[in-house]
Amino acid sequence: MSTTNVITTQNLSKTYSAKVLNNINLEIKSGEIIGYIGPNGAGKSTTIKILTGIIPDFDGDATVLGFDIRKDTLEIKRRIGYIPENAALYETLTPVEYLHFIGQLYSLDKTQTETKANELLRVFELGNHSESRMTTFSKGMKQKVLLIAGMIHNPSILFLDEPLSGLDANAVILVKEILTQLKQSGKTIFYSSHIMDVVEKISDRIIIINKGEMIANGTYAELNSQAQSGSLEQLFTEITGNKEHQSAAGQFISILGNK
Amino acid sequence: MKIENILLKFLDFTQGLYRTAGVNYEQLRAIVAIKLTMDNRRQVMSYKKKENQEPGNAFAMTLLIYSIFGIFVAAFIYSIPSVVVSMIFFFSYIMVMIAMTLITDFSSILLDTSDNTIILPRPVDGRTLFVARLTHIMLYLGQLTLGLSLLPSIMVGFKFGVLFLVFFLVALVLSVFTAVLITNATYLLIMHFASEEKLKNVINYFQIIMAVAMMGGYQLLPRMMGRFELEDYVFEIEWWDYLIPPIWMGGALELLHYRLIDTPHIILTALGIIVPLGGLYITNHYLTPIFNKKLSALGSATEQPAKTKEEKAQKSNLLENISLRVTSNSFERAAFELVYKILGRDRKIKLKIYPAVGYILVFGLVFMIRGKDDFSTLWNNLPNTEYYFVLIYLTFMISQVALYEIPYTDDFKASWFYSSAPVDRPGEILSGMVKAIFVKLFLPIYAVIAALILFVWGISALDDILFGLFNNFLILLIIATIGKRILPLTMAPSAKNQAGNFLRGILMLLCMALPGGLHYLLSKWPLILIGMIPVQLGAIYLILRSYKATKWSNIQF
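Calculation notes
- Residues numbered from 1 in each chain as written.
- Chains lettered and ligands numbered in written order.
- Predicted model: local features only at pLDDT ≥ 70, side-chain atom pairs only at ≥ 80, totals over all residues.
- Helix = DSSP H or I, 4+ residues; strand = E, 2+ residues; numbered from the N terminus.
- Buried ≥ 20, exposed ≤ 12 C-beta atoms within 10 Å, placed from the backbone.
- Contact = placed C-beta atoms within 7 Å.
- Nonpolar A, V, L, I, M, F, W, Y, C, P; charged D, E, K, R; others polar.
- pLDDT = per-residue confidence, 0-100.
- Pairing = 2+ DSSP bridges.
- Axes fitted to C-alpha atoms, helices over the stretch in contact; angles between N-to-C directions.
- Expected span 1.5 Å × (residues − 1).
- Core = buried A, V, L, I, M, F, W, Y, C linked by C-beta atoms within 7 Å.
- Right-handed = clockwise from strand over helix to strand, strands pointing away.

Colleague: Any chance you could explain the overall build of chain A here in plain terms?
Modeller: A count of helices and strands for chain A gives 10 helices and 11 strands. In chain A, buried positions account for 37% of the 259 residues.

See below:
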């Protein structure tokens, strides 16, 4: 496996009205699966949006596949895939129409896209719905279409933002397996989530951010020995300093009994 | 062949133009094609037929309806002898329609942020995406203008000649630009000062106005037809005319038609040419970047500054005060407060109910305008008529529409709590609902109507206003009692029975006949009228009691 860096950032920062990312330094090697973890509002989505070229103005430097994000945005976009978090797609279209449209934006061959799309939909058990409009789809069904749309051009880096939300248990296992096999074929995967469960199992390395700062970076075992605790979830609560769950639950129960 | 395909063929003709401008034509075509497809599947708010019926060619439907409007407009142009008046009328019509459609049907596209997440991560450069959006809007407006002005244009060519028609078409294009500019500028202005939520509210009110304007135009235009024919109308230019865009176009065409070369006409013509073209330049170079920047900020969650606690407390105190006074127990109060708040907040429900306010206005005018008297004669004669009866009972429209619409909502699934909570007397919820409709919607409008009546007919109409007030509540109760009893916000909009509209109207008139007729008979004797008020209150009490006693078995689900 090659050891070249496919994603690097130096002092990556982003400020809206407040600072949402503060001096993030990443070095991600080809063929790695990175779990990018943090609570809501930690800056996960902002990082991904910068790395995929959606947010063009930021501070610091970043390169993807050796291209400077500011200068060669289109070159990068051609080679990466992005799966956004909140099921944004054109719902009035059918999955095949939508995927065909996406294929056109990458200048893919029309008939090839359509066969590919139909086969991928079939694998995801959406074969019977490939010609019906997505307005009627459940969240999980839309998420499957999004996953296909993000990968149909066979990208070498995949950015996933909460990719499993709404999927049923079987689909979750399927996606996990797909990601593992993608890694084996040399793809790099940048997986962002606030759910520990899956990340723990598939990631080579886990990066934890909180309030725009990177607070941990290492393999699960490394982080684990640092925190000396069993599950990643507990570790996560320890690292982000969120020990109040128990007392919050206690309060909740006692308020219910108030007269 | 579908309209979209024709448009795309047309686009293919101009692809050289796009390529020289440095745009990736294949991507642009794909984006425009997909947007046209989506336009056709989008529900067009104003002409929605059945909610559960998938619209196939919604946009073509709209065009057809606009073309039918075109017949009226063409007839109107034919009937007006004065060039300038007919042209001002036509260009007002075009500009208002374009601006209104942009705001109502197109704002969802203009403010669409899904492009940000769907197209931006793909290898599409910013220029191509921007030009694709622009092309899409241009194609949409092009079709719209064609639909609106095809018949009127033929009429213009027929009436004023071919040369005039050429100038007319140039003015048409310029006026469409002007309307787009004004809309754009308005959006920017609102977005500058208001949050996304506020903007949506503003758009909601425009949609309501649009619905009323359609109805009003349909009712009033034919009645106004006769007015300009007889008078030898001379158009004199006042200073404020320079501020009204349709008058620029009218003035310019008058200059060309009669070779009327004087200062006012030259100024009007110059404004008509310079403003749209100059505005286009300014929009392109300065406003569009600002607009796009604002737009990309729309999707990201901007926290709304919460209302100060005092403001909130005051508002909820007012509602609490009212609900404590008009309701008798906690079920009724809960229903009253829920319906009261929903009537003020839910955009879809507002869009269905609030146009009734406009209809009251329109019908108020329609019934008043009779014969060929002009408006001031009618107005001066008003105190001698018994027209206030019409006004008092016309106000009932709002209650009736609200009562009909309040059971239906897209969030009907949220009504599970009616069955899970221990509600033993659903009638209390119904009565709370009726009271909320009366207090929140009817009373404010009735107050305005009452003020108008007092102004025109004087203090002697006070007894009628009072009697009418209680009568209106009585009629609302009668209709609620006779009609289907459905709890508020529990039904899917698709469950609505459209066929019953005519019967519903007849039923309403019958229910109004007895109390209204009584009012009419007794109005000669104010003392008896006032003496009857306790009888009215008694009737209200009895009906309300039986309505409150409604059992679950009588409730429709």
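Colleague: Is there a simple way to explain the overall build of chain B in this structure?
Modeller: Broken down by element type, chain B carries 25 helices and 0 strands. For chain B, the residues scored as buried account for 34% of the 557 residues in total. When contacts within chain B are restricted to residue pairs at least 6 apart in sequence, those whose partners lie at least 24 apart make up 83%.

Colleague: Honestly, the interface of chain B and chain A in this entry has me stumped. Any pointers?
Modeller: Contact residues are listed per partner, giving 18 residues for chain B and 18 residues for chain A. Where the side of chain B that touches chain A is concerned, the elements lending two or more residues are helix 3 (25-41) and helix 7 (114-118) of chain B. Among the elements that take part in the side of chain B that touches chain A, helix 3 of chain B stands out by supplying 7 residues, more than any other. Residue classes in the side of chain B that touches chain A are distributed as 9 nonpolar, 4 polar and 5 charged.

Colleague: Explain the confidence of the model for chain A here, please?
Modeller: For chain A, the mean per-residue pLDDT works out to 85, and 92% of the residues sit at or above 70. Mean pLDDT in chain A bottoms out at helix 9 (residues 232-239) of chain A, which sits at 60, and peaks at strand 8 (residues 157-161) of chain A, which reaches 93.

Colleague: Would you mind going over the sheet that holds strand 7 (residues 80-83) of chain A with me for this structure?
Modeller: In a beta sheet, neighbouring strands pair by backbone hydrogen bonds and run either parallel or antiparallel. All names here are of chain A. Read from one edge of the open sheet, 6 strands run 7-8-9-4-10-11, paired in mixed fashion. Edge positions in the open sheet fall to strand 7 and strand 11 (213-218), since each of these has one partner strand only. Taking the axes of each pair of neighbouring strands and ignoring which way they run, one obtains an average angle of 15° across the sheet. With 4 bridges joining them, strand 4 (residues 33-37) and strand 10 (residues 205-210) adopt parallel strand pairing. Each residue of the ladder has a partner; that of Gly35, found in strand 10, is Ile206. Docked against the sheet, helix 1 (residues 44-51) engages strand 4, strand 8, strand 9 (188-193) and strand 10, running at close to 150° with respect to strand 8. Taken strand by strand, helix 6 (residues 169-184) contacts strand 4, strand 8 and strand 9, and its axis lies near 150° from that of strand 9.

Colleague: Whenever I open this one, helix 5 (residues 139-151) of chain A confuses me. Can you help?
Modeller: Each turn of an α-helix holds 3.6 residues, which means side chains three or four residues apart point in the same direction. All names here are of chain A. Helix length check: helix 5, at 13 residues, gives a terminal C-alpha distance of 19 Å against a target of 18 Å (1.5 Å per residue), a fit within 8%. Met141, Gln143, Lys144, Val145, Leu146, Leu147, Ile148, Ala149 and Gly150 are the residues of helix 5 that are buried. Where the residues of helix 5 are buried, they touch strand 7, helix 3 (95-105), helix 4 (110-123), strand 8 and helix 6.

Colleague: Help me understand the confidence of the model for chain B in this model?
Modeller: Any residue range with low pLDDT should be treated as having predicted coordinates unsuitable for detailed reading. All names here are of chain B. When pLDDT is averaged along chain B, the result is 80, and 83% of the positions lie at 70 or above. When mean pLDDT is compared element by element in chain B, helix 22 (residues 426-457) scores highest at 93, while helix 11 (residues 227-230) scores lowest at 50. The low-confidence segment residues 44-55, where pLDDT is below 50, has 20 contacts with residues more than four positions distant or belonging to other chains. Within the model, pLDDT remains below 50 along residues 301-305, and this stretch shows 3 contacts once partners closer than five positions in the same chain are excluded. Both confidence scores are given for the complex: pTM 0.68, ipTM 0.81.

Colleague: Would you mind showing me how to read the pairing of strand 7 of chain A here?
Modeller: On a regular strand, one side chain projects to one face of the sheet and the next to the other, so that they alternate. Residues and elements named next belong to chain A. Along strand 7, one buried face is formed by Ile80 and Tyr82 and the opposite face, lined by Gly81 and Ile83, is buried too. Here strand 7 runs beside strand 8; their pairing, made up of 4 bridges, is parallel. Of the residues in strand 8, the one forming a bridge with Gly81 is Leu158.

Colleague: Please explain the nonpolar core as it appears in this structure.
Modeller: Generally speaking, nonpolar side chains in soluble globular proteins are found buried as a group. In terms of nonpolar packing, the biggest core is built from 99 residues, with B:Ile94, B:Ile98, B:Val339, B:Met433, B:Ile437 and B:Leu476 touching the most fellow members. Top contributing element to this core by residue count: helix 5 (residues 83-104) of chain B, with 16 residues. If sequence neighbours within four positions are ignored, B:Ile98 has contacts with B:Leu141, B:Leu144, B:Val176, B:Ala179 and B:Val180. Ranked by size, the runner-up nonpolar core spans 73 residues in total, among them A:Leu21, A:Ile28, A:Val199 and B:Ile118.

Colleague: Just checking my understanding: could you explain the pairing of strand 8 of chain A for this structure?
Modeller: All names here are of chain A. Summarising burial for strand 8: 5 of the 5 residues are buried, a large majority. By the alternation rule, side chains of strand 8 split into Ile157, Phe159 and Asp161 and Leu158 and Leu160, which are all buried. Pairing of strand 8 with strand 9 involves 5 bridges; the strand directions are parallel. By the bridge assignment for strand 9, Ile157 is matched with Thr188. Handedness of the β-α-β unit built from strand 8, helix 6 and strand 9 comes out right-handed.

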